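Letter by letter, the chains look like this.
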Amino acid sequence: MDNFAIRVENLGKKYRIHHLPNGQKMPGYSRVNEDITRMLKSPFKFLSKKAHEEHKPETDEDFWALKDLDFTIYPGERIGVIGRNGAGKSTLLKTLSRIVTPSTGRMTIQGRLASLLEVGTGFHPELTGRENIFLNGSILGMARKEISKKFDQIVEFSGVERFLDTPVKRYSSGMYVRLAFSVAAHLDSEILIVDEVLAVGDKEFQAKSLKKMRELTQEEDRTILFVSHDSEKIRSLCGRVIVLKGGRVLTDTTDVDAGLTLMEAQTPAK
Ligand SMILES: Nc1ncnc2c1ncn2[C@@H]1O[C@H](COP(=O)(O)OP(=O)(O)OP(=O)(O)O)[C@@H](O)[C@H]1O
């Protein structure tokens, strides 16, 4: 088998979009929220409108958040996944992290994958920082002894030593990201996926994390997929960019500047 880290073939993700009788479109989950908000605002109006709506047929439509993706990523590459709001970046990273199930195609991942998605994923809120470090290590298949060996490095890099025995639900978002990044960067995984979260940390920690990610690819041949809206960060970290538009690959290039220019010329996906 080829020595690749990630191979994606004809990958697609389809969502069902509900059309409301008033012509609005929305995914199923937000329709419930919308109903609750309307009901709280004006219960009588909501109920009479709802009874009226019941008699109007609703239609559903397929919406492709990702479509026909094909690419191969090799060990040691630092890939920037870029695109305007709604282009499909998070959906792609969540699909690769197996949080979202693809609707078409297949993906082959060679190596262990650690992902750092939006704040709130990855850690168990009730567990302390210390417990989450061990939990994350065991999810990656590491023995307790191996995790213990990395423990001090993780804590030192994160700078959250004083709060190690506090449940992470009490952490500020900055502290949370510090620990989550440090765990993902230091535990044994061949592939690291980082979605925008670093923007939550302070400038100093952001710079330190970018430096760490460069080292991980250079010294340990680890592969990094990085989503960011910050062109400077993409330029300083990535050697290749995959530009998404409307769920499809617009371009996949090692000319990072050209990729960024093309992305900036796009309007957000509808
Ligand atoms: N669970 C869902 N149900 C329906 N549509 C969804 C769902 N999750 C995402 N989408 C839609 O898929 C498209 C891609 O979303 P995604 O979050 O991947 O974009 P993104 O490129 O990460 O955007 P941003 O830069 O704003 O974070 C959007 O149009 C979004 O509304």
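Being a predicted model, the structure only gives us computed values, none of them experimental. (Residues numbered from 1 in each chain as written. Predicted model: local features only at pLDDT ≥ 70, side-chain atom pairs only at ≥ 80, totals over all residues.)

Asks: Help me understand the pairing of strand β9 (residues 240-245) in this model?
Replies: Remark: a regular strand shows side chains that alternate across the two faces of the sheet. Taking burial as the measure, the 6 residues of β9 include 5 buried ones, the bulk of the element. In this sheet, β9 lies alongside strand β4 (residues 78-82) in parallel orientation, the contact comprising 4 bridges. Counterpart to Gly80 in the pairing with β9 is Val241. Bridge count between β9 and strand β10 (residues 248-253): 5 bridges; the pairing is antiparallel. Residue pairing across strands places Val243 opposite Thr251, the latter belonging to β10. What sits between β9 and β10 in their antiparallel hairpin is a turn of 2 residues, with Gly246 showing a positive phi close to 55 degrees. (Buried ≥ 20, exposed ≤ 12 C-beta atoms within 10 Å, placed from the backbone. Helix = DSSP H or I, 4+ residues; strand = E, 2+ residues; numbered from the N terminus. Pairing = 2+ DSSP bridges.)

Asks: I'm lost on the packing of helix α5 (residues 144-158) against helix α6 (residues 173-186) in this one. Help?
Replies: Between two packed helices, the angle of one axis relative to the other and the distance separating the axes together describe the packing. Two numbers describe how α5 lies on α6: the axes approach to 8 Å, and their chain directions differ by 140 degrees. As the angle between them shows, α5 and α6 are arranged oblique. Between α5 and α6 lies a crossing of right-handed hand. Only Arg178, Leu179, Ser182, Val183 and His186 of α6 make contact with α5, whose side of the interface consists of Lys150, Gln153, Ile154, Phe157 and Ser158. In terms of residue class, the contact of α5 with α6 is built from 4 nonpolar, 4 polar and 2 charged. (Axes fitted to C-alpha atoms, helices over the stretch in contact; angles between N-to-C directions. Parallel < 35°, antiparallel > 145°, perpendicular 65-115°, else oblique. Left-handed = near helix turned anticlockwise from the far one by under 90°. Contact = placed C-beta atoms within 7 Å. Nonpolar A, V, L, I, M, F, W, Y, C, P; charged D, E, K, R; others polar.)

Asks: Is there a simple way to think about the sheet that holds strand β7 (residues 191-195) in this case?
Replies: By definition, the strands of a sheet pair up through backbone hydrogen bonds, in either a parallel or an antiparallel sense. Spatial strand order, β6-β7-β8-β4-β9-β10: 6 strands in an open sheet with mixed pairing. Looking along the sheet, the strands with just one partner apiece sit at the ends: β6 (113-116) and β10. When the angles between neighbouring strand axes are averaged without regard to direction, this sheet yields 15 degrees. Here α6 sits on the sheet in contact with β6 and β7, set at roughly 165 degrees to β6. Along the sheet face, helix α9 (residues 256-264) touches β4, β9 and β10 and points at about 15 degrees away from the line of β9.

On their own, these measurements won't tell you what the molecule is for.
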